[in-house]
Amino acid sequence: MPRLKFGAFLAPHHPIGEHPTLQFRRDLDFVQQLDDLGYDEFWCGEHHSSGWEMIASPEMFLAAAGERTKRIKLGTGVISLPYHHPFNVAQRMVQLDHMTGGRAIFGSGPGALASDAHTLGIDPMTQRDRQDEAIAIIRRLFNGERVTARSDWFVMNDAALQILPLQEEMPCVVASMISPSGMTLAGKYGIGIISLGSMSSKGLMSLAQQWEFAEDAAKKANTTVSRSNWRVLLSWHIAESREQARREAREGLMRWHNEYNVGTLMRPGITAFKSPDEAVDQTAFVDGAASAIGTPDDLVKLIKNVMKLSGGVGTIIGFAHDWANIEATRRSWDLVARYVVPEINGYVNGMRESQRFVIENRAIFERAGEAVMAKIMGNEKAAAALADTGPGRVSIATANAPDLQKEAAKQRGKA
């Protein structure tokens, strides 16, 4: 069974009040921690308004992150293609790929915040069509083609990239919420998907249908989509106990939901939480919850449920947030790497089997103890000293050790 990859998605969602410079530095520290812990991917987005989301250039942020990391893949999550000339996007992604040693992932979307589109004078009704148009052009440029194209929002005359991606093929991924558009684009071009709508219960339950959209579009376009290139976003805060996780996350979760999702974005269909405990209960402890606030075992259970509901994905992406303080948040990601990842991927199964074999087959190993005892009894002085042997006096690997206390008692009895 292919192993499941793990990553993090930083929108970012930071409460207003902290110095922006320190937020940028803290986010870079976070990427470095993920790299040290062995996470596979890191994603960050593009936003220009709302206060809470303050990374305007994911390529610039990821270039800095690339200098502080060694192996983690770095994805734009996402570049809002209708905001940019496609040629400039292609050039920036190629430069990012070279600056990160071939670790860049090109993630794109139509643009998530209506306030961003308004700022740039873009009609929301055009955004998804423009993303589609831009993806086609950018992929041609990545392939080394010279492109001439004219649209109602960009012009290219004999455009070709001076430098191609360092990777033989730049990984391309589209964002998907609950509408079919993202999955349909993935199927049309045979590229990867990052499902962002899965953080809600409805989004989680619709994953299987979402995949059908991708497969239907792929069949129509004569392409293929692979579950190994499907990423699903989940939210969690993990601690040593459910009680501790609740204490650490409750206040920040309520603020994030009430102040940002309800108060700022005014997302339809959601209401403010009345208390921090209600925030935790309604987020992580209702039927079909798409979040885990608890122990590593709670997150393992959630991930296994996602795999069952979806039919299988390639990567689990954790949503990075400030529900808890910095120290508790870092510990949460550490616990996931130490306990959740190996449990899901079976990294410790062999160790458990080895331990169980030794326990259940003790009789097989008694001959090793007999061999040690034979050598002791074959030496007159060693045999004489055996009567004086006490607990802890002889250091022998436990798997090979005879019961020296029992044998000493026998020798004293004979005397």
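What you see is a predicted model, and the numbers here were worked out from it, not measured in a lab.

S.K.: Quick question: what am I supposed to make of the state of the cysteines here?
M.R.: In protein chemistry, a disulfide is the covalent bond that joins the sulfur atoms of two cysteines. A complete count under the given rule lists zero disulfides for this structure. Unpaired in terms of disulfides, Cys-44 finds its nearest cysteine sulfur in Cys-172, a separation of 17 Å. Note on Cys-44: relative accessible area 0%, which makes it buried.

S.K.: Quick question: what am I supposed to make of the pattern of salt bridges here?
M.R.: For the structure shown, the criterion picks out 20 salt bridges. In this structure, Lys-188 engages Asp-132 in a salt bridge whose closest nitrogen and oxygen atoms are separated by 2.9 Å. Taken together, the residues span a long stretch of sequence, with Lys-188 in helix α6 (residues 181–189) and Asp-132 in helix α5 (residues 127–142) at a distance of 56 residues. In this structure, a network of salt bridges that share partners links the residues Arg-246, Arg-250, Glu-251, Asp-277 and Asp-281.

S.K.: Whenever I open this one, the environment of Asp-334 confuses me. Can you help?
M.R.: Residue placement: Asp-334 occurs in helix α12 (residues 326–345). Distance from Asp-334 to Ile-238, taken between C-alpha atoms, is 9.1 Å for residues 96 residues apart in sequence. Those residues in contact with Asp-334 that lie beyond four places of it in its chain are Gln-33 and Leu-37.

S.K.: When you look at the packing of helix α11 (residues 296–310) against α12 in this model, what are you seeing that I'm missing?
M.R.: Helix-helix packing is described using two parameters, namely the angle between the two axes and the distance between the axes. Taken N-terminus to C-terminus, the directions of α11 and α12 make an angle of 40°; their axes are 10 Å apart at the nearest point. By the criterion of interaxial angle, the relationship of α11 to α12 is oblique. As α11 packs across α12, the resulting crossing turns out to be right-handed. For the pair α11 and α12, contact is made by Pro-296, Leu-299, Val-300, Ile-303 and Lys-304 and by Val-336, Tyr-339, Val-340, Glu-343 and Ile-344, respectively. By residue class, the composition of the contact of α11 with α12 is eight nonpolar, no polar and two charged.

S.K.: So what exactly am I meant to see when it comes to a nonpolar patch on the surface here?
M.R.: A cluster of nonpolar side chains, namely Phe-357, Val-358 and Ile-364, defines an oily patch on the protein surface of about 270 Å² accessible area. Along the chain, the position of Val-358 falls in helix α13 (residues 349–360). What makes Val-358 partly exposed here is its relative accessible area of 37%.

S.K.: Can you walk me through the side chain of Asp-35 in this structure?
M.R.: Along the chain, Asp-35 falls in helix α1 (residues 20–37). Lacking a salt bridge, the buried Asp-35 has Arg-71 as its closest oppositely charged neighbour, with an N-O distance of 4.6 Å. Polar contacts involving the side chain of Asp-35 include one to the main-chain amide nitrogen of Arg-71, which spans 3.1 Å. Excluding residues that lie within four positions of it along the chain, Asp-35 makes contacts with Thr-69, Lys-70, Arg-71 and Ile-72.

S.K.: I keep staring at the packing of aromatic side chains and nothing clicks. Help me out?
M.R.: Both the distance between ring centres and the angle between the ring planes are used here to describe each pair of aromatic rings. In this structure the tally under the stated criterion is eleven aromatic pairs. Here the aromatic rings of Phe-30 and Phe-42 are separated by 6.4 Å at their centres, their planes lie at 75°, and the arrangement is edge-to-face. Taken together, the positions of Phe-30 in helix α1 and Phe-42 in strand β2 (residues 41–44) put the pair twelve residues apart, joining distant regions of the chain. Phe-30 gets classed as buried once you look at its relative accessible area, which sits at 10%.

S.K.: Teacher, can you tell me more about unusual backbone geometry here?
M.R.: Most peptide bonds take the trans form, and the phi angle of most residues other than glycine is negative. In this chain, Ala-11 is followed by Pro-12 through a cis amide linkage whose omega measures -5°. Within the secondary structure, Pro-12 is located in the loop between β1 (5–10) and α1. Geometrically, the link from Gly-77 to Val-78 is a cis peptide bond, its omega value of 5° lying close to zero. Note on placement: Val-78 falls in the loop between β3 (73–76) and β4 (79–80). Non-glycine residue Asn-222 carries a positive phi angle of around 60°. Given the relative accessible area of 72%, Asn-222 is considered exposed.

Cut-offs used in this document
Residues numbered from 1 in each chain as written. Predicted model: local features only at pLDDT ≥ 70, side-chain atom pairs only at ≥ 80, totals over all residues. Heavy atoms only, no water. Disulfide = S-S within 2.5 Å. Buried < 20%, exposed > 50% of the residue type's maximum accessible area, 1.4 Å probe, protein only. Salt bridge = Lys/Arg side-chain N within 4 Å of Asp/Glu carboxyl O. Helix = DSSP H or I, 4+ residues; strand = E, 2+ residues; numbered from the N terminus. Contact = heavy atoms within 4.5 Å. Axes fitted to C-alpha atoms, helices over the stretch in contact; angles between N-to-C directions. Parallel < 35°, antiparallel > 145°, perpendicular 65-115°, else oblique. Left-handed = near helix turned anticlockwise from the far one by under 90°. Nonpolar A, V, L, I, M, F, W, Y, C, P; charged D, E, K, R; others polar. Patch = residues over 30% accessible without salt bridge, like charges linked within 9 Å, V, L, I, M, F, W, Y side chains within 5 Å. Areas by Shrake-Rupley, 256 points an atom, 1.4 Å probe, with all protein chains shown as cover. Lys, Arg positive; Asp, Glu negative; His and termini not counted. Polar contact = N/O pair within 3.5 Å; in protein donor to acceptor, adjacent residues only side chain to side chain. Phe/Tyr/Trp six-rings, centres within 6.5 Å; stacked < 30°, edge-to-face > 60°.

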